[in-house]
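Topology and contacts: notes
As a plain string of letters, each chain reads:
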Amino acid sequence: MTRKETRINDSGRTPSDHFGAVNTPVYRASTILFPDTATLESGAQPYAYGRRATPTTRALEDALCELEGGARTMLTPSGLSACTLAILCACSAGDHILLTDSVYGPTRSFCDRVAKRYGIEASYFPPAATPEEVAAQFKPNTKAVFLESPGSLTFEVQDVPAIAALARAKGIAVLLDNTWATPLYFNALEHGVDYSIQSATKYIGGHADATAGSVTVNDAHLHRLEETHGGLGLCLGADDAFMIARGLRTLAVRMARQQQSAHRIATWLTTCSEVAKVLYPALDSDPGYAIWKRDFTGAPGLFSIVFQKDITHDKVAAFVDGLKLFGIGYSWGGFESLALPAHFHRSFPHPGREGEIVRLHIGLEDPHDLMADLERGLMRLY
Ligand SMILES: *Cc1c(COP(=O)(O)O)cnc(C)c1O
């Protein structure tokens, strides 16, 4: 088996099927014609309707599936719809889902507001809980545990294989939002996860120009995924699938460079007196470092800083607003650096509760320029 870096280049591409074109072209299709009634009725034609698949979307599914090492990957129009799809696959009316308190905010809102209306009950565990403490919150009707490691904005790392083993022993499905690490830096399915979820909008797309999501499952959950995805009528447009596949080819080099710059900048920020904490599992001072080191093969360029508690919101706004190389905006994983003042709702105390939090996404700019920009920003705190 070749390494992932090589598979990223080769997977989901068959130039000989497309007149030698290196990339699978954009097939814009809703209606796909059948040559005759017999073919229509046999169900043997590989493509039957654009909503279900085209060569463009199938190519991206195949590429991601090969990287994730799953039975099948299915695409959705956004990362959030990938999260909600996986929850709807694993849970039915009367079931309980246990989620990390650090889960992506809109996933939490979906559980608390929408899934609730359909009789799915959600509760949260503190992200720093031990696997045994997590398992102690399993109820007789728990059907899914939803992990995100590291978590959104505060980056707490969970012991995914240990939690997955305890869940599996009870027949509970394990869902993981693996957007931070991507399949390149964390092998979700090998670590016991049943549903590996990606917001491909982030690193996989990598250019801030398309939204997409994916859900990859093992054999045990294949039928549920196909049935639920098909039933909801989810599909990704051909142009967006093409953009995401194009981004995928450079994922490894982008992430390597962003990791290198982010590590350097995060390390420097730990020495700045205005910064109380840097939340980044790739730093050996981080509480999640040991598990990150054990389970992950890298870290992307996304982390948060917590300012000293006497630094006010207005000062932090001045820090962010004056940055020249960091845009202010949602999402991340593109080539460009971003800064986001973070506000969020949690049920349990979190590492950022004592000071203002800013999430930084380190892009492909020269790290010296980024550090100089941040250093000028720190001066605006006075
Ligand atoms: C952005 C994000 C999502 C949602 O992805 P969209 O493509 O924006 O819908 C889900 N999970 C995590 C961890 C994210 O950062």
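Anyway, here's the lowdown on the structure attached to this text. Computed from a prediction, not measured in an experiment: that's the story for all the values here.

Further remarks concern the nonpolar core. Soluble globular proteins tend to pack their nonpolar side chains together in the buried interior. Core analysis: the biggest nonpolar cluster contains 84 residues, and V145 and F303 have the highest contact counts within it. The leading source of residues in this core is helix α11 (residues 251–270), at 8 residues. Formed jointly, this core draws a minimum of three residues from each of two domains, domain 1 (4–248) and domain 2 (252–379). Ignoring any residue separated from it by four or fewer positions in sequence, one finds V145 in contact with L98, F125, V134, F138, I163, A167, I172, A173, V174 and L175.

Now for the pattern of salt bridges. Per the counting criterion, the structure on display carries 13 salt bridges. In this structure, R168 engages D194 in a salt bridge whose closest nitrogen and oxygen atoms are separated by 2.8 Å. You can see R168 sitting in helix α7 (residues 160–169) and its partner D194 sitting in the loop between α8 (182–185) and β6 (195–199), a full 26 residues away along the chain. R294 serves as the salt-bridge partner of D295, at 2.7 Å between the closest nitrogen and oxygen. Judged by relative accessible area, which is 47%, R294 ranks as partly exposed. Connected through salt bridges with shared partners, the residues R58, E61, R72 and E226 form a single ionic network.

Near the ligand the following residues occur: S78, G79, L80, Y104, E148, S152, D177, T179, S199, T201, K202 and W332. Within the contact set of the ligand, an oxygen atom lies 2.8 Å away from a backbone nitrogen or oxygen of G79. The contact in question runs from an oxygen atom of the ligand to an N or O atom on the side chain of T201, over 2.6 Å. Surface burial for the ligand is 88%, taken as the share of its 380 Å² of free accessible area covered by protein chains. Here the residues of the shell around the ligand sort into 3 nonpolar, 6 polar and 3 charged.

Thresholds, definitions, all that
What you see as residue numbers is a count from 1 along each chain, following the sequence as written. Given that the model is predicted, a residue must reach a pLDDT of at least 70 before its local features are reported, and side-chain atom pairs must reach 80 or more before they are shown or counted; all residues, however, enter totals for whole chains, interfaces and linings. Note: side-chain values were computed over all heavy atoms of the structure, leaving out hydrogens and water. For our purposes a nonpolar core is just a set of buried Ala, Val, Leu, Ile, Met, Phe, Trp, Tyr and Cys residues, chained together by side-chain atoms within 4.5 Å. The classification of residues rests on relative accessible area computed with a 1.4 Å probe and restricted to protein chains. Under 20% of the type maximum is buried, over 50% is exposed, and intermediate values are partly exposed. Each helix is a run of DSSP H or I of at least 4 residues and each strand a run of E of at least 2, with the numbering of both proceeding from the N terminus. Annotation comment: domain bounds sourced from an automatic or database domain assignment. Note on definitions: a residue-residue contact is assigned when non-hydrogen atoms from the two residues lie within 4.5 Å. Counted as salt bridges are all cases of a side-chain nitrogen of Lys or Arg within 4 Å of a carboxyl oxygen of Asp or Glu. When we say a residue is near a molecule or strand, we mean one of its heavy atoms is within 4 Å of it. We define a polar contact as two N or O atoms separated by no more than 3.5 Å, with the added condition that, inside protein, one atom must be a possible hydrogen donor and the other a possible acceptor, whereas residues neighbouring each other in sequence contribute only through side-chain atom pairs. Per-residue and other accessible areas were derived by the Shrake-Rupley procedure at a 1.4 Å probe size, with only the shown protein chains allowed to occlude residues. Just so you know the grouping, Ala, Val, Leu, Ile, Met, Phe, Trp, Tyr, Cys and Pro go in nonpolar, Asp, Glu, Lys and Arg go in charged, and all remaining residues, Gly too, go in polar.

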